Amino acid sequence: MIGGAAAAALARPAIGGTPPRVVVVGAGFGGATAARCLAAGGIDVTLVEASERYIACTGSNAVVAGLRGIEAQTFGYEALGRTGLRLVRATASAVDPAARRVTLGDGTALAYDRLILSPGIELRFDAVPGYDARAAEAMPHAWKAGAQTVLLARQLAAIPEGGTVVLSAPANPYRCPPGPYERASLIAHFLKTRKPRAKLILLDAKDTFSKQKLFETAWAKLYPDVLEYVPLAAGGQVSEVDPAAMVVRTDFAEVKADVACIIPPQRAGAIAAQAGCADRSGWCPIDPATFESRLVPGIHVIGDAAIAGAMPKSAFSANAQAKVCAQAVIDLLAGREPEDPRLINTCWSLVAPGYGISIAGVFRPHDGLLADVPGAGGVSPLDAPDAVRAQEAAYGESWYRTITRDVFG
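Computed from a predicted structure; not experimentally measured.

Draft legend 1. Quick peek at the packing of helix α2 (residues 29-40) against helix α9 (residues 386-408). Running from amino to carboxyl end, α2 crosses α9 at an angle of 50°, the nearest separation of the two axes being 9 Å. Here α2 lies oblique to α9, going by the angle between them. Contact with α2, carried on its side by Phe29, Ala32, Thr33 and Arg36, involves Ile403, Thr404, Asp406, Val407 and Phe408 of α9 and no other residues of that element. Residue composition of the contact of α2 with α9, grouped by class: five nonpolar, two polar and two charged.

Below, the structure written as structure tokens:
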């Protein structure tokens, strides 16, 4: 992986005497990082992003539970504009891989020698009967941070005494595997401290999940009378919602909710499919050493949209993949063979204020996918004392400050 100083020391490849052109679509943790590294390496970089500001999903569960404001999740792009890259505020509406051209919403065409797509996710509103963009105004998903996050926080704050919160978690794969369970934990904390007669029902479309034993141990200790977990085997998959009646149905039950958070299944952002990089799963198969699309040469896909094998969809992963991808693009443009990378991901989850847990992994290319490096990584000790849980919570917050400073300045 490369940072700014290392990238600046790289040889500056040229095509026909001019710097090669790379277009990066999406300025989240992945795209913004890749663009920074490429610009530092002497590449002519255009970063395409429609939003004026970036609102991070990482950490947004704390906003839902009233532990921080949305401003703590919000970052500007001003510092990126001072790194030597060209920032274009627009929507990428189409990609022509044969012509190596990206078309923007206003019709402007951007030529590229290599294209990096970091489009994040698109919510599959067709996957849960009764749930669509309009229904999300009554039953927010809050899985794209911003207005939905604030809406869910307001609904939770207004829940009546003795009310019921229903939270649904989708089947794999989706953005941030531990995210629904951190959200459940922090909502349970809110109810325990603010609405002690209210309860939370967590409906899950699967039977196993990331950091499961750690979460379940914490729930038994902290929220035994607040949080009810219903896995797939016990009828946890949502079969239908009725937002007008605030009813959530499974194959075995009908639950009336005062607040309902429905997290639907997901797929790669729309531009990835339009470019031909998504397969029938809705996600994008990539070469694990370069992140080049297996379907469309010359296009690289990083972050949540990529099929990254054992490496989960997270902000940490997107940042790490961006650095590896940028190095690979620089090497390929210079006619060099990219080296096989080693990538790291660590994910901290907040179960309550001052109570954190984590999982870490190291990944390498193996049999066409990113695979775990045996013996590397691990999870928090199951029997750790409170002091260790507090330390993990502090580590998670420190990492958030560090990565957002690294990416957005």
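The rest of the description comes next.
Draft legend 2. The pairing of strand β22 (residues 343-352), seen in detail. With seven of ten residues buried, β22 is to be regarded as a mostly interior element. Relative to strand β23 (residues 355-366), β22 runs antiparallel, the two being bridged by nine bridges. Bridge pairing links Ile344 to Val362 in β23.

Draft legend 3. Fine view of unusual backbone geometry. Residue Asn172 is joined to Pro173 through a cis peptide bond whose omega torsion reads -5°. Structurally, Pro173 can be placed in the loop between β11 (164-169) and α5 (179-194). For Ala142, which is not glycine, the phi dihedral falls at a positive 50°. Note on placement: Ala142 falls in the loop between β10 (121-123) and α4 (147-157).

Draft legend 4. Fine view of the pattern of salt bridges. Applying the stated criterion to the full structure yields 15 salt bridges. Asp44 is the salt-bridge partner of Arg86, the closest N and O atoms lying 3.1 Å from each other. In this pair, Arg86 sits in strand β5 (residues 86-89) while Asp44 sits in strand β2 (residues 44-49), placing the two residues 42 residues apart along the sequence. Where Asp304 meets Arg175, a salt bridge forms, and the shortest distance between an N and an O atom there is 2.6 Å. On the criterion of sequence distance, the pair formed by Asp304 in the loop between β20 (299-301) and β21 (306-307) and Arg175 in the loop between β11 and α5 is long-range, its members being 129 residues apart. Residue Arg175 is classed as buried on the basis of its relative accessible area, which comes to 17%. Look at the salt bridges and you will find they share partners, linking Glu240, Arg249 and Glu254 into a network.

Draft legend 5. Spotlight on α5. Relative to the 22 Å expected for 16 residues at 1.5 Å per residue, α5 spans 22 Å between its end C-alpha atoms, a close match to the ideal helical length. Here α5 lies mainly inside the structure; 13 of its 16 residues are buried.

Draft legend 6. Quick peek at the layout of surface pockets. Of the pockets and cavities examined, the second largest pocket occupies roughly 310 Å³. Elements supplying a minimum of two residues to the lining of the second largest pocket: β11 and β14 (238-242). Residue classes in the lining of the second largest pocket are distributed as 13 nonpolar, six polar and two charged.

Draft legend 7. The arrangement of the packing of aromatic side chains in detail. Scanning the entire structure with this criterion turns up 16 aromatic pairs. Measuring from centroid to centroid gives 5.1 Å for Tyr54 and Phe408, while their planes differ by 25°, and the two rings are stacked. Of the two residues, Tyr54 sits in strand β3 (residues 53-55) while Phe408 sits in helix α9, which places them 354 residues apart along the sequence. Given the relative accessible area of 19%, Tyr54 is considered buried. Of the residues examined, Phe408 reaches a relative accessible area of 3% and is grouped as buried. With a centroid separation of 6.2 Å and 50° between ring planes, the pair formed by Phe209 and Phe215 is classed as tilted. Here Phe209 matches Phe215 in class, with each residue buried. Connected via pairs of aromatic rings, a cluster forms that spans Phe29, Tyr54, Phe75, Tyr77, Tyr400 and Phe408.

Draft legend 8. Structural detail: the nonpolar core. Of all hydrophobic cores here, the largest spans 107 residues; its most connected members are Leu38, Leu117, Leu191 and Trp219. Element by element, the count of residues in this core is highest for helix α8 (residues 315-333), at eleven residues. When neighbours within four sequence positions are excluded, Trp219 is seen to be in contact with Tyr181, Ala184, Ser185, Leu202, Phe209, Pro224, Leu227 and Tyr229. Counting residues in hydrophobic clusters, the runner-up holds 17 residues, among them Val128, Ile201, Val238 and Val241.

Each value, and the rule that gives it
Residues numbered from 1 in each chain as written. Predicted model: local features only at pLDDT ≥ 70, side-chain atom pairs only at ≥ 80, totals over all residues. Heavy atoms only, no water. Axes fitted to C-alpha atoms, helices over the stretch in contact; angles between N-to-C directions. Helix = DSSP H or I, 4+ residues; strand = E, 2+ residues; numbered from the N terminus. Parallel < 35°, antiparallel > 145°, perpendicular 65-115°, else oblique. Contact = heavy atoms within 4.5 Å. Nonpolar A, V, L, I, M, F, W, Y, C, P; charged D, E, K, R; others polar. Buried < 20%, exposed > 50% of the residue type's maximum accessible area, 1.4 Å probe, protein only. Pairing = 2+ DSSP bridges. Salt bridge = Lys/Arg side-chain N within 4 Å of Asp/Glu carboxyl O. Expected span 1.5 Å × (residues − 1). 1 Å grid on protein atoms, 1.4 Å probe; cavity = no way out; pocket = protein on both sides within 12 Å on 5 of 7 lines; lining within 4 Å. Points joined across faces, edges and corners; volume = space filled by probe spheres on them. Phe/Tyr/Trp six-rings, centres within 6.5 Å; stacked < 30°, edge-to-face > 60°. Core = buried A, V, L, I, M, F, W, Y, C linked by side-chain atoms within 4.5 Å.

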